[in-house]
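# Fold and contact review
Now for the letters of each chain:
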Amino acid sequence: MEYAVEVSNLTKRFGDFTAVDGISFAVKKGEIFGFLGPNGAGKSTTIRMLTGILIPTEGSGRVSGFDIITGQDSIKKSIGYMSQRFSLYDDLTARENLNFFGSIYGLDGAALVERIDHVIVMAGIAGMADRQVKNLPAGIKQRLALGAAIIHDPPILFLDEPTSGVDPVMRRNFWDLIYRFSREGKTIFVTSHYMDEVENCSRIILIISGRIIAMDSPDNLKSSFPYEVYSLNVEHLIKIFDHISRFPFVQEAAVFGSDIHILTEKGYPLEKEIKKIFKRIGVKKFRLERVPPTLEDVFVVNARKFGG
Ligand SMILES: Nc1ncnc2c1ncn2[C@@H]1O[C@H](COP(=O)(O)OP(=O)(O)OP(=O)(O)O)[C@@H](O)[C@H]1O
Ligand SMILES: [Mg+2]
């Protein structure tokens, strides 16, 4: 099996602060690989080491077959990278931007024109290709930035929080594009802090304070979750939440929309216990049901445990 990305003990220190702390993983060709973590977890720093921008303090790795320390220039040519604060030229049109980024990658003549046309159609911006970027809606700019990142048709794509700050419909559209690349056989490495978004990945890493806390498919992460999750719907939510959180059988309680999620040890008779408590304090109307764990449950528990 050949890997698109493989790293071993990858570490980055800034002074005596360790931003990425000895992480090892491998991404298979064709995977949509998600990197999930809170602010400051080390996601962008990792991406910068993988894209040939930052030299690691320790560790080694290969991207697209090239060494991340000695092959930085070759890596840059063979990947697409959409940074967290992607930069398009505001005063240029969409087409001019693609032309600019394409020439940076050494494309010219008919080949460049063909790629630009392809990307314009792919990104669904045909009607707006000749408008200045500053006059385009945020969601379109984001698709254009993705288009600029793949103008040279790279086999691996690095996307650093590509959908932060865009609405859910735009996010959906954006993911349709990511799936399309994946079906074409490209490898996608994407960072995010949206739980629902990383559900779309074949495997994910949960990273907190520069360390890998978990690495698996979303389904496996959920099915190996060591707690049972209950959803409680009741009046006076906050008051009940405060009351319930204190009981030692509650491993974790969190407000999820209009419900409280309660995590208990597997096999704990929660329904019986809650009925007893509610009888005592005079709560008559409530609904309690077992629900499958979500990635958010997995994330909340790990963040608490590992200090994210
Ligand atoms: N050049 C730098 N010099 C010093 N510290 C840095 C530098 N770059 C990043 N850091 C620190 O390293 C840690 C990880 O930063 P990084 O940008 O990788 O986090 P992130 O997971 O991408 O967070 P976010 O979700 O906010 O983008 C942070 O504490 C950050 O302040
Ligand atoms: Mg970041």
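Residues numbered from 1 in each chain as written. Chains lettered and ligands numbered in written order. Predicted model: local features only at pLDDT ≥ 70, side-chain atom pairs only at ≥ 80, totals over all residues. Heavy atoms only, no water.

## Quick word on the packing of helix α3 (residues 94–104) against helix α4 (residues 109–122)
Closest axis-to-axis distance for the α3/α4 pair is 10 Å, and the angle between their directions is 130°. The angle between α3 and α4 places the two elements in the oblique class. The chirality of how α3 crosses α4 is right-handed. Facing α3, whose interface residues are R95, L98, N99, G102 and S103, α4 presents L112, I116, D117, V119 and I120. Broken down by class, the residue content of the contact of α3 with α4 amounts to 5 nonpolar, 3 polar and 2 charged. (Axes fitted to C-alpha atoms, helices over the stretch in contact; angles between N-to-C directions. Helix = DSSP H or I, 4+ residues; strand = E, 2+ residues; numbered from the N terminus. Parallel < 35°, antiparallel > 145°, perpendicular 65-115°, else oblique. Left-handed = near helix turned anticlockwise from the far one by under 90°. Contact = heavy atoms within 4.5 Å. Nonpolar A, V, L, I, M, F, W, Y, C, P; charged D, E, K, R; others polar.)

## Comments concerning the coordination of the magnesium ion (ligand 2)
Reference values for angles at a metal are 109.5 degrees in the four-donor tetrahedral case and 90 or 180 degrees in the six-donor octahedral case. Within the protein, S44 (OG) and Q84 (OE1) serve as the donor atoms for the magnesium ion (ligand 2), at 2.0 to 2.3 Å. With S44 in helix α1 (residues 43–50) and Q84 in the loop between β6 (79–82) and α3, this residue pair connects regions lying 40 residues apart in the sequence. On the accessibility criterion, S44 (14% relative accessible area) is buried. On the accessibility criterion, Q84 (30% relative accessible area) is partly exposed. (Donors = N, O, S within 2.8 Å, 3.2 Å for Na, K, Ca; no water. Buried < 20%, exposed > 50% of the residue type's maximum accessible area, 1.4 Å probe, protein only.)

## Here we look at the packing of aromatic side chains
With the rule as written, the count across this model stands at 14 aromatic pairs. Ring geometry for F25 against F33: centres 5.7 Å apart, planes inclined by 15°, an arrangement best described as stacked. Comparing F25 with F33, the two get one shared label, buried. Here the aromatic cluster, defined as three or more aromatic residues joined through ring pairs, consists of F25, F33, F35, F158 and F189. Looking at R171, its charged tip hangs above the ring of Y194, at a distance of 3.7 Å from the centre. (Phe/Tyr/Trp six-rings, centres within 6.5 Å; stacked < 30°, edge-to-face > 60°. Lys NZ or Arg CZ within 6 Å of the ring centre and 35° of its normal.)

## Concerning the sheet that holds strand β13 (residues 259–265)
Taken in spatial order, the 4 strands make up an open sheet running β12-β13-β11-β14, and their pairing is antiparallel. Of all strands in the sheet, those bounded by a partner on one side alone are β12 (252–256) and β14 (286–291). Across the sheet, the mean angle separating the axes of adjacent strands is 25° when strand polarity is ignored. The pairing of strand β11 (residues 227–234) with β14 spans 6 bridges and is antiparallel. Bridge assignment links L232 to a residue of β14, and that residue is L288. Here helix α10 (residues 270–281) sits on the sheet in contact with β11, β13 and β14, set at roughly 160° to β14. (Pairing = 2+ DSSP bridges.)

## What about the site of ligand 1?
The immediate surroundings of ligand 1 are formed by 13 residues, with G40, K43, S44, T45 and Q84 found nearest. Here an oxygen atom of ligand 1 sits 3.0 Å away from a polar atom, N or O, in the side chain of E161. Protein contact buries 63% of the 640 Å² of open area that ligand 1 shows by itself. For the shell around ligand 1, the elements supplying multiple residues, two or more each, are β2 (17–28) and α1. (Near = heavy atom within 4 Å. Polar contact = N/O pair within 3.5 Å; in protein donor to acceptor, adjacent residues only side chain to side chain. Areas by Shrake-Rupley, 256 points an atom, 1.4 Å probe, with all protein chains shown as cover.)

## Digging into the pattern of salt bridges
What the rule picks out here adds up to 15 salt bridges. The shortest N-O distance in the salt bridge between R13 and E58 comes to 2.7 Å. You can see R13 sitting in strand β1 (residues 3–14) and its partner E58 sitting in strand β4 (residues 58–63), a full 45 residues away along the chain. Here R13 falls in the partly exposed class, since its relative accessible area comes to 32%. You can call E58 partly exposed: its relative accessible area is 33%. Residue K276 pairs with E273 through a salt bridge whose shortest N-O separation is 3.8 Å. Placement of the pair is K276 and E273 together in helix α10, with a separation of 3 residues, close to one helical turn. Each of R95, D117 and D130 takes part in salt bridges that share partners, so that together they form one network. (Salt bridge = Lys/Arg side-chain N within 4 Å of Asp/Glu carboxyl O.)

## Some thoughts on unusual backbone geometry
Even without a glycine there, the phi angle at S64 is positive, about 55°. By the secondary structure assignment, S64 is in the loop between β4 and β5 (66–67). The exposure class assigned to S64 is partly exposed, which follows from its relative accessible area of 26%. The backbone phi angle of S209 is positive, close to 50°, even though this residue is not glycine. Mapped onto the elements, S209 comes out in the loop between β9 (203–208) and β10 (211–216).

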